[in-house]
Amino acid sequence: MDYLDPEEEFEMMHADELEMMNEMDFTTDAVKICSPKDTRRSLKFSTRFSSNEKIESERSFNLSSELNGVFPLSQTSVVSFNLDDNNENEAQPSTSASIINNKRYLDVEDLFGNTDDINFEDEELEPVLKRQKVDPLSDKDIKQQDLIKKIIDQRKKFKSGKRSNFLSSISYNSSNHTQPYESVSRRVPSWSFFPACDGENQRVYIRFRSADAVHEEISSLSWHTKSVQLLSDPVDEMIARAYEKIENNEAIRSGVNRNGVSILDNSIDNTAELWVQKYKPNRYLDLLSDESTNRMLLQWLKIWDKVVFNKEVNKKRKVIDVYDKSAGNKFTKKNQTLDEGLDENNCPKYKLALLCGPPGLGKTTLAHLVARQAGYNVVEMNASDDRNLTCFKRQLEATTQMCSVMSNDSRPNCLVLDEIDGAPVASIEFLIKFATEKRATRKKKTDKKEEKSFILKRPIICICNDVYVPALRNLRQNAFVLNFPPTSSVRLVERLMEISSYENIKTDMGAMTALGTKTNNDIRSCLSTLSCFRNQSVHLSHVKNANIGAKDMQKGLFTVWQEIFQIKKSCFENNPNSTSDGFSSQNNVMKDRINSVLKTVQSYGDYEKLCQGIFENYLILKPKDSSLTNIAEGLEWFCNFDKMMHVINSSQNYSLFPYLPYNFATWHCLFATFTWPKITYPSAAYEATMKKNKFKQIMDELMSGIIPSIRTFLHRDQVLLDTMPLLMHIAIPNLRSISTQLFTQKEKEDLAKVVNIMIDYGLNYFQERDADGSFNFVLNPCVDDAVKFPGLETFPTSSYATKQLISREIELEHLRKRMSHGELNDIIVEPDGLDENEKNVSTPKGVKGSRNKQVTPNHLQRLTPKIVGSTKVTKKKDFFGREIDSPAGHKHKEFRDEIVKSDVWFHFKEGYSNAVRKLVLMKDLY
Amino acid sequence: MILVKLIEDDDGLGSPPEWAAVEMQGELETRRHTPLERQYVGDLFATIHDGVPILIIGHHILYGKAQTFEKPFAVMKKKPDADEYVVEAIVTKKLLFKNRPKPIIACNSDDL
């Protein structure tokens with residue numbers, strides 16, 4: 001009901017207040033107490049007082065005069081009340097009537113179903129109108145009349161709307177029905193009827209009516225309701241539209257089914273659902289991924305039938321294998337042939353399947369779908385699950401050994417481990433053990449069948465993106481590996497076209513192909529990109545310019561290098577429209593190239609490694625120009641890169657980091673060719689680091705070996721560069737290979753000098769056995785390796801015998817020094833007298849021990865009792881030193897001696913218990 | 001074999017004196033490696049009640065028992081200038097000491 005003009009509205013709004021004012025005049029005391037909150041109550045009061053208009057009209061005068069002060073803003077109301085002042089006779093009742101009307105109006109609005117009120121209203125209003133028509137009409141009167149008329153109209157409309165609810169009791173005149181008839185009768189009617197009973201058990205006859213008649217009635221009613229406009233659109237229109245929609249849906253669904261894609265029932269309006277989910281393949285045939293891969297996984301699952309469902313494996317399938325012509329899929333092919341066999345438990349050889357491939361090819365979808373197709377209940381674990389060892393173990397055992405009891409679903413489980421490359425290594429190890437080791441233990445215990453043998457009897461499908469993650473190395477060997485080839489772009493584009501036609505996206509093949517290439521045939525990415533263009537048209541330019549769809553995917557190290565070293569041909573192909581002027585196209589191509597290189601390098605991130613790879617490979621590749629200017633420039637950029645890296649690493653200031661990729665862009669410009677680059681993995685840096693560490697260790701050893709008096713004057717680098725290379729030449733004595741006794745004096749001096757030098761620098765020769773079994777003396781620490789610089793002449797080496805001699809002399813010299821330190825000068829060691837054998841016993845302590853004592857050899861030594869000096873008879877002395885005799889003690893001693901010191905003593909011979917008694921006759925002896 | 005002339009009984013019958021042989025488990029040795037001839041060896045006693053022989057050599061005391069030979073021995077002495085032997089005695093029993101000797105420890109009242 002929106003037909004109120006501002007005036008009306010105002011009056012309606014303030015009707016309560018006006019009434020309240022009236023009331024206030026009655027109860028003068030209560031004026032101050034009354035507040036707007038009490039409007040409801042006051043309204044009731046007013047209804048009560050509404051009957052006696054007389055009083056009201058009397059009071060309205062005062063009210064209006066008061067109103068001037070109260071509502072200064074509401075001009076219209078003030079005017080109307082001023083009018084009342086002027087012609088009191090006529091206007092007063094009308095004003096009151098209008099007030100009453102307004103008030104009634106409100107009442108009706110409050111109590112919607114009260115028909116008595118309406119009837120009363122109509123009767124009431126009639127006289128008012130009549131009265132008003134008699135009067136000469138001023139402007140204000142017309143206004144009021146209009147208002148009243150409108151109110152009456154409203155009433156009527158309301159009434160008619162209300163009555164239209166009761167279809168059975170249509171008895172009003174305004175409609176098309178000329179003769180009103182009753183539907184219910186208490187007597188037996190002439191028309192066709194249906195007998196029934198009412199609440200008081202009285203017979204009632206209800207009229208039977210034809211459907212057409214009812215329809216007619218309904219249409220007539222709808223004509224009325226149309227005028228009311230309760231709804232924004234008429235019902236029949238809405239129904240028609242709904243039918244239309246349903247038909248559309250049907251058409252689409254049937255069309256979709258025909259094309260092999262199915263849509264969920266509520267697909268059209270359900271925008272919340274992802275398109276990936278919406279257009280998910282529901283049948284094996286709908287799968288978009290490579291057919292041979294799909295088939296292989298299904299076959300692998302089917303091999304489980306024997307153990308899971310106790311069904312014979314269909315042998316016919318082998319024939320199909322022949323037709324698997326997956327291009328370049330030798331690897332999977334090989335696995336496939338291995339795959340068919342069953343082990344002694346009727347389980348497939350590979351208990352795990354490992355699907356690997358870049359994201360968005362539908363690996364997870366395939367696994368789910370195929371497992372469902374093969375009759376399994378799919379249990380998925382992915383990166384969002386807790387995958388530490390204990391949880392993983394629990395889940396694994398739960399899914400493979402148990403079956404869901406609560407649900408009616410009695411299908412066996414098939415575990416799908418998604419994104420397994422992110423799982424902790426321990427979990428993966430456990431998985432492998434779980435799948436394979438059980439087999440081994442089982443083999444051992446073939447006789448004890450009752451042993452608890454948890455053989456894995458459910459298929460497990462693992463899914464990963466990169467199969468060459470170190471954590472998966474073991475899994476790779478123990479699983480049936482299926483590499484996902486990229487989805488064929490033809491099929492992808494076909495499917496995309498289908499989907500866009502269902503989604504009312506206007507597009508063409510070119511745009512979809514571009515989308516496919518942009519996303520690397522990633523179905524998921526394609527669909528999500530497409531869904532951004534919902535209800536729009538998609539053209540090639542849209543796809544090209546859209547920033548979405550390109551996934552932040554990390555490429556492999558070699559791929560990045562290759563991209564840097566190789567110019568993509570597609571760069572030229574993709575810009576066919578810009579061939580008009582060569583220069584700009586060249587520019588564009590260059591820009592594209594640089595951008596793509598930048599993007600790739602940035603996504604990889606490990607700039608140092610990339611740089612190493614480029615540095616090691618750029619010279620191997622075919623140079624672009626013979627003058628080598630490119631290479632020279634490239635080298636400068638290498639220097640630049642190195643400097644930047646140095647600053648970054650030394651100051652930990654990564655603000656320079658974003659500039660690093662531009663080096664790669666430059667290298668790309670300088671080195672890239674169209675030929676396929678043969679890139680080797682950079683190893684020089686690693687080798688150099690290893691070498692450096694090794695030599696550093698040697699130098700440490702050497703420095704710690706040099707005796708302190710010399711070490712104080714030496715620096716590490718000094719030793720390495722100046723001292724040691726020369727020392728290698730110096731420490732070679734010119735000796736003849738003869739016995740040391742026959743050396744000349746000079747030779748002896750030489751030897752002594754070499755020995756002293758070597759001792760000073762802590763060097764020595766050590767005997768070592770070669771791989772072929774021959775002995776060799778090696779310098780220890782092996783400084784000769786460290787100081788051997790390429791380009792220098794090799795050091796002269798002395799013969800085996802000389803080395804041996806020097807080694808022995810060094811040992812002896814050490815010994816001598818140690819002895820002199822230990823102040824054992826009296827024992828002279830004759831080095832020349834020692835023979836060869838003794839020299840090899842080089843432990844100085846042993847040598848020292850054996851030489852110090854010149855006594856009888858051990859086997860000749862005997863234990864001899866120690867001769868103790870005879871105890872002297874000490875005579876007791878008294879305080880003054882005089883000897884004291886103890887006669888008693890002396891006598892006792894003598895007595896004791898008598899007993900003990902008799903010359904003859906008895907030597908008891910116990911004999912042996914094992915004596916043999918034997919009769920020996922005299923004649924036997926002779 | 002050591003023959004011992006036992007102490008004569010005072011029966012006064014004029015019978016030849018009784019001798020006994022002493023047999024010991026072990027040897028007699030001298031401390032200074034002097035020959036045993038004409039050496040003092042020890043004291044031989046017999047208990048009063050049951051006649052158990054007791055021999056004390058040096059600081060050893062040996063308890064033995066008396067046994068009779070199955071065949072008695074005769075101790076004969078050659079006359080100096082004729083080929084005649086005079087029976088000195090008939091040895092009919094031996095004193096056997098086969099148990100381990102017990103040491104005799106001299107003890108002084110002072111030492112205690």
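- Chain B appears in an unreviewed UniProt entry as Chromosome transmission fidelity protein 8 homolog from Acyrthosiphon pisum.
- Turning to chain B, the UniProt record has this under Subcellular location (unreviewed entry): "Nucleus".
- Under the UniProt heading Sequence similarities (unreviewed entry), the note attached to chain B is "Belongs to the CTF8 family."

- Looking up chain A in an unreviewed UniProt entry gives the name AAA+ ATPase domain-containing protein, with the organism given as Acyrthosiphon pisum.
- On record in UniProt, under Sequence similarities (unreviewed entry), the comment for chain A is "Belongs to the activator 1 small subunits family. CTF18 subfamily."
- Per its UniProt entry, chain A bears the Subcellular location (unreviewed entry) comment "Nucleus".

**Thoughts on the overall build of chain B**
Then comes step 1: Secondary structure summary: chain B contains 0 helices and 9 strands in total.
Then comes step 2: Counted from the first residue to the last, chain B has its helices and strands arranged as β-β-β-β-β-β-β-β-β.
Then comes step 3: Counted over contacts in chain B with a minimum sequence separation of 6, partners at least 24 positions apart contribute 50%.
Then comes step 4: For chain B, the accessible area works out to roughly 8500 Å², and carbon and sulfur atoms hold 53% of it.

**A look at the pairing of strand 2 (residues 193-197) of chain A**
All names here are of chain A.
Then comes step 1: In terms of strand pairing, strand 2 meets strand 3 (residues 203-207) through 5 bridges, oriented antiparallel. Each bridged residue has a counterpart across the sheet, and for A196 the counterpart in strand 3 is V204.
Then comes step 2: Linking strand 2 back to strand 3 in an antiparallel pair, the connection comprises 5 residues, with N201 at a positive phi of about 60 degrees.

**Comments concerning the pattern of salt bridges**
Residues and elements named next belong to chain A.
Then comes step 1: Throughout the structure, instances matching the rule amount to 8 salt bridges over all chains.
Then comes step 2: Between R808 and E809 there is a salt bridge, with the nearest N and O atoms lying 3.9 Å from each other. Of the two residues examined, R808 and E809, each falls in the buried class.
Then comes step 3: One salt bridge connects E813 with R816, and the closest N-O pair in it is separated by 2.7 Å. Of this pair, E813 and R816 are both found in helix 34 (residues 800-821), 3 residues apart, which corresponds to roughly one turn of the helix.
Then comes step 4: Take R816: its relative accessible area is 37%, and that puts it in the partly exposed class.

**Describing unusual backbone geometry**
With the exception of glycine, the majority of residues adopt a negative phi angle, and the majority of peptide bonds are in the trans configuration.
Residue and element names in this part refer to chain A.
Then comes step 1: In this chain, N780 is followed by P781 through a cis amide linkage whose omega measures -5 degrees.
Then comes step 2: Position of P781 among the secondary structure elements: in the loop between strand 10 (775-780) and helix 33 (783-786).
Then comes step 3: Positive phi, close to 65 degrees, is recorded for L628, a residue that is not glycine.
Then comes step 4: By the secondary structure assignment, L628 is in the loop between helix 26 (607-617) and helix 27 (629-651).
Then comes step 5: On the basis of relative accessibility, which here comes to 42%, the residue L628 falls in the partly exposed class.
Then comes step 6: In this model, Q652 sits at a positive phi of 55 degrees, which is unusual for a non-glycine residue.
Then comes step 7: Along the chain, the position of Q652 falls in the loop between helix 27 and helix 28 (660-671).
Then comes step 8: According to the relative accessible area criterion, Q652 is exposed, its value standing at 52%.

**Digging into the sheet that holds strand 3 of chain A**
Then comes step 1: In space, the 3 strands of this open sheet follow the order 1-3-2 (chain A), with antiparallel pairing throughout. Both outer strands of the open sheet, strand 1 (184-185) and strand 2 of chain A, are each paired with one neighbouring strand and no more.

**Let's talk about the confidence of the model for chain B**
Caution applies to low-pLDDT parts of the model: their predicted coordinates are not meant to be read in detail.
All names here are of chain B.
Then comes step 1: Taken as a whole, chain B shows an average pLDDT of 81; of its residues, 81% reach a score of 70 or greater.
Then comes step 2: Looking at the elements of chain B, mean pLDDT is at its lowest for strand 1 (residues 2-5), recorded as 70, and at its highest for strand 6 (residues 60-63), recorded as 91.
Then comes step 3: This prediction of the complex comes with two scores: 0.38 for pTM and 0.83 for ipTM.

Rules of the game
- Residues numbered from 1 in each chain as written.
- Chains lettered and ligands numbered in written order.
- Predicted model: local features only at pLDDT ≥ 70, side-chain atom pairs only at ≥ 80, totals over all residues.
- Heavy atoms only, no water.
- UniProt positions renumbered as here; feature names shortened; annotations may be inferred.
- Helix = DSSP H or I, 4+ residues; strand = E, 2+ residues; numbered from the N terminus.
- Contact = heavy atoms within 4.5 Å.
- Areas by Shrake-Rupley, 256 points an atom, 1.4 Å probe, with all protein chains shown as cover.
- Pairing = 2+ DSSP bridges.
- Salt bridge = Lys/Arg side-chain N within 4 Å of Asp/Glu carboxyl O.
- Buried < 20%, exposed > 50% of the residue type's maximum accessible area, 1.4 Å probe, protein only.
- pLDDT = per-residue confidence, 0-100.

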